[in-house]
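Below are the chains, spelled out letter by letter.
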Amino acid sequence: MPAQQPDRFGFLGPVNTFCHQALLSVPEVPADPVPFPSVPLALDGVRTGQVAAALVPIENSIEGGVSATLDNLTYGERLVITREVLLPVQFDLFARPGTELSQVRRVITHPHASAQCRQWLADHLPEAQVAEGGSTAAGASEVADPQSRFDATICARVAGQANGLVAVASEIADNPDAVTRFVLVTRPGPTPEPTGADKTTLVVFLNDDESGALMRMLEQFASRGVNLSRIESRPSRLVRGTYSFSIDVHGHVADARVAGAMKGVRRTSREVVFLGSYPRADRVRPAVEKGHGDADYRLAEEWLDGIRGS
Ligand SMILES: O=C(O)C(=O)Cc1ccccc1
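Keep in mind it's a predicted model, so treat the numbers as computed, not measured. (Residues numbered from 1 in each chain as written. Predicted model: local features only at pLDDT ≥ 70, side-chain atom pairs only at ≥ 80, totals over all residues. Heavy atoms only, no water.)

**So, a nonpolar patch on the surface**
On the surface, a cluster of nonpolar side chains totalling about 210 Å² of accessible area is made up of L214, L218 and I231. Take L218: it is sitting in helix α8 (residues 213–222). Residue classification places L218 among the partly exposed residues on the basis of a relative accessible area of 32%. (Patch = residues over 30% accessible without salt bridge, like charges linked within 9 Å, V, L, I, M, F, W, Y side chains within 5 Å. Areas by Shrake-Rupley, 256 points an atom, 1.4 Å probe, with all protein chains shown as cover. Salt bridge = Lys/Arg side-chain N within 4 Å of Asp/Glu carboxyl O. Helix = DSSP H or I, 4+ residues; strand = E, 2+ residues; numbered from the N terminus. Buried < 20%, exposed > 50% of the residue type's maximum accessible area, 1.4 Å probe, protein only.)

**Quick word on the sheet that holds strand β13 (residues 228–235)**
Across the sheet, four strands lie side by side as β13-β14-β12-β15; this open sheet has antiparallel pairing. Looking at strand neighbours, the two that pair on one side only are β13 and β15 (271–279), the edges of this open sheet. Strand-to-strand, the axes of this sheet are offset by a mean angle of 15°, without reference to chain direction. (Pairing = 2+ DSSP bridges. Axes fitted to C-alpha atoms, helices over the stretch in contact; angles between N-to-C directions.)

**Topic: the domain arrangement of the protein chain**
Partitioning the protein chain into domains gives domain 1 (1–89 + 178–189), domain 2 (91–169) and domain 3 (190–309). The C-alpha-based centres of domain 2 and domain 3 are spaced at 42 Å. (Domains from an automatic or database assignment.)

**Observations regarding helix α6 (residues 136–144)**
All buried positions along α6 are accounted for by T136, A137, G139, A140 and V143. Down the axis, α6 shows its buried residues gathered within 155° of arc, on one side only. In the core, the buried residues of α6 are packed alongside α1 (18–24), β6 (92–95), β7 (106–109), α4 (111–115), β9 (152–155) and α7 (157–162). (Arc of directions from axis to C-beta. Contact = heavy atoms within 4.5 Å.)

**A look at the packing of α8 against helix α9 (residues 256–268)**
As a packed pair, α8 and α9 sit with axes 8 Å apart at the nearest point and diverge in direction by 160°. By the angle between their directions, the pair α8 and α9 is classed as roughly antiparallel. Handedness of the crossing formed by α8 with α9: right-handed. From α8, M217, Q220 and F221 reach across to α9, where they touch A261, G264, V265, R267 and T268. (Parallel < 35°, antiparallel > 145°, perpendicular 65-115°, else oblique. Left-handed = near helix turned anticlockwise from the far one by under 90°.)

**Here's the deal with the side chain of D151**
Residue position: D151 is located in the loop between α6 and β9. Among buried charged residues, D151 stands out as having no salt bridge; its nearest opposite-charge side chain is R96, 4.4 Å away. Within the local environment of D151, its side chain forms a polar contact with the backbone nitrogen of R105, the two atoms lying 2.7 Å apart. From its side chain, D151 meets the backbone nitrogen of R106 in a polar contact 2.7 Å long. Ignoring anything within four residues of it in the chain, the contact list for D151 reads F94, A95, R96, Q103, V104, R105, R106 and V143. (Lys, Arg positive; Asp, Glu negative; His and termini not counted. Polar contact = N/O pair within 3.5 Å; in protein donor to acceptor, adjacent residues only side chain to side chain.)

**Some remarks on unusual backbone geometry**
The omega torsion of the bond from G13 to P14 falls at 0°, within 30 degrees of zero and hence cis. Turning to its location among the elements, P14 is positioned in the loop between β1 (5–12) and α1. One non-glycine residue, E171, lies in the positive phi region at around 50°. The residue E171 is located in the loop between β10 (166–169) and β11 (179–186) in this model. A relative accessible area of 51% means that E171 is categorised as exposed.

**Re the site of the ligand**
Taken together, the neighbourhood of the ligand is formed by L12, T17, F18, C19, F91, H110, H112, A113, Q116, S135, T136 and T180. Between the ligand and F18, the relevant distance is 2.8 Å, taken from an oxygen atom to a main-chain nitrogen or oxygen of the residue. A distance of 2.9 Å separates an oxygen atom of the ligand from a polar atom in the backbone of C19. Relative to its unbound accessible area of 310 Å², the ligand is 99% covered by the protein chains. Contributing elements (two or more residues each) for the shell around the ligand: α1 and α4. Tallied by class, the residues present in the shell around the ligand amount to five nonpolar, seven polar and no charged. (Near = heavy atom within 4 Å. Nonpolar A, V, L, I, M, F, W, Y, C, P; charged D, E, K, R; others polar.)

And the structure:
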């Protein structure tokens, strides 16, 4: 069993991945974070107590959700998100010194990096084979090996330079404003206090044989003025041909309107997985619609208690 580092945080490594950069951007992270070669291994490191928490990518603004993270959090032993970190990402094509762009035949990188440079690759390296690496920095370290069968990698500048590579093309992302969202994940414990600018992540398994089940689930949020910032379907591993919905909700489970919506969804769906309430990275506070504030719920509760004589 790997050494226990209960005061340290893990991340998708090796050093100089985007994930590493995102972790270093959080001021209160303990020193010496621990690199893991994949998202499942980083999350298992948290489950076994090897590290206290791990930062992993969950979504990027071009390619969408990171399935390795979404599925592991849904089906693996329960973990919760306690924080999110947003990182603008820029990609360069790095190769061993002396390599020309025209000589690049084989590229290795993380699939989310190649996906975000798809058009550039089609325009500039239409014949190149692009292989999947565990991370962008792992790709850089592979290409740095003179015996490597790969000629180039798509990675962050810091990863290319740290591995002694040179940029054969710079800023090759199809969308220069791409942002990746990372989440800090821990074993279940106290939910972070509400800040007024929070997010809640849920996975909902609907009753698939009921027509309109998705619409009724969305109504639970809409009727309480609760906005969603992400909803995506993933194939359900429980019943073939069915899907779960991974959802980010604006608000905290301590907000009465969010709790009310969650109870409504729980009553009317097959299963709901709570993956945590945590502060929003952009600190934007949602406008609470009239009649949906905590005080409104409290007054209505007191009114009903009065009627019931309780
Ligand atoms: O491979 C990395 O560097 C990561 O942190 C995963 C990733 C890959 C591409 C864009 C953002 C994050």
